[in-house]
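Next come the chains, spelled out residue by residue.
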Amino acid sequence: MLKAVGVLFIVTGACGFAIYFSSYLKTHLAQLIEWREIFTQLDNEREYLRLPYAQLLRKTARGKAELFSAILLEVADSMEKRTQTDVSVFWEQAFERRSAQILLKEDEADLLFALARSLLLEGDHSQVAKLYFMQLEDKILLAMQEKKEKQKLYGTVSVLGGLFLVIMLL
């Protein structure tokens, strides 16, 4: 009876491991896509509304998830208080404060900082921003492929590891 309960716990733990990492990959991809949508909206509104950057951030923050909204509002507040600092510093500080919730890799975050800086450029910023948007699309495609591959890997490894422990206990 104890062996059966032990086997049940091991199999449950192995499945929980696979589900945890699967949800991590899903959240990472969802965050990348949400940031792409946010910066696309910022780019479009900047071009058509011609509002100051801080006001664009506040307008974009409305209706977004709490994490994204808080970051946008924090950057907007920082920009209104200090106008001489590079905007990527504000983004980095906001990301650092929420590093546990943001699942982006360092190169992905750097790309977002560069994209945010490019949207501040006066004149024709569209070519520079377009390059960063293309790089962001590539990162999203890579994350999709990684999610697909790693979900299978995590599922297989966790089930095989669980079965291995069950066999060792029997």
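In what follows, the structure referred to is the one given above.
Residues numbered from 1 in each chain as written. Predicted model: local features only at pLDDT ≥ 70, side-chain atom pairs only at ≥ 80, totals over all residues. Heavy atoms only, no water.

Caption draft 1: Inspection of the nonpolar core at higher detail. Counting 37 residues, the largest nonpolar core has Trp35, Phe39, Leu57, Ile71, Val75, Trp91 and Phe95 as its most contacted members. When residues of this core are traced back to their parent elements, those giving at least two are helix 1 (2-49), helix 2 (53-61), helix 3 (66-81), helix 4 (87-97), helix 5 (106-118) and helix 6 (126-169). Counting residues per element, this core draws most heavily on helix 3, which supplies seven residues. Apart from residues lying up to four places away in sequence, Trp35 is in contact with Phe68, Ile71, Leu72, Trp91, Phe95, Leu104 and Leu112. (Core = buried A, V, L, I, M, F, W, Y, C linked by side-chain atoms within 4.5 Å. Buried < 20%, exposed > 50% of the residue type's maximum accessible area, 1.4 Å probe, protein only. Helix = DSSP H or I, 4+ residues; strand = E, 2+ residues; numbered from the N terminus. Contact = heavy atoms within 4.5 Å.)

Caption draft 2: Summary view of helix 3. Helix length check: helix 3, at 16 residues, gives a terminal C-alpha distance of 22 Å against a target of 22 Å (1.5 Å per residue), a fit within 8%. In this structure, the buried side of helix 3 is in contact with helix 1, helix 2 and helix 4. (Expected span 1.5 Å × (residues − 1).)

Caption draft 3: Here's a closer look at the packing of aromatic side chains. Following the criterion strictly, the structure yields ten aromatic pairs and no others. With centroids separated by 4.6 Å and ring planes inclined at 70 degrees, the aromatic side chains of Phe17 and Phe21 adopt a geometry described as edge-to-face. Of the two residues, Phe17 and Phe21 are both situated in helix 1; the distance of four residues between them amounts to about one turn of the helix. Note on Phe21 and Tyr154: the rings are 4.8 Å apart at their centroids and 40 degrees apart in plane angle, and the pair reads as tilted. Of this pair, Phe21 sits in helix 1 while Tyr154 is found in helix 6, placing the two residues 133 residues apart along the sequence. Judged by its relative accessible area of 23%, Phe21 falls in the partly exposed class. Connected via pairs of aromatic rings, a cluster forms that spans Trp35, Phe39, Phe68, Trp91, Phe95 and Phe113. (Phe/Tyr/Trp six-rings, centres within 6.5 Å; stacked < 30°, edge-to-face > 60°.)

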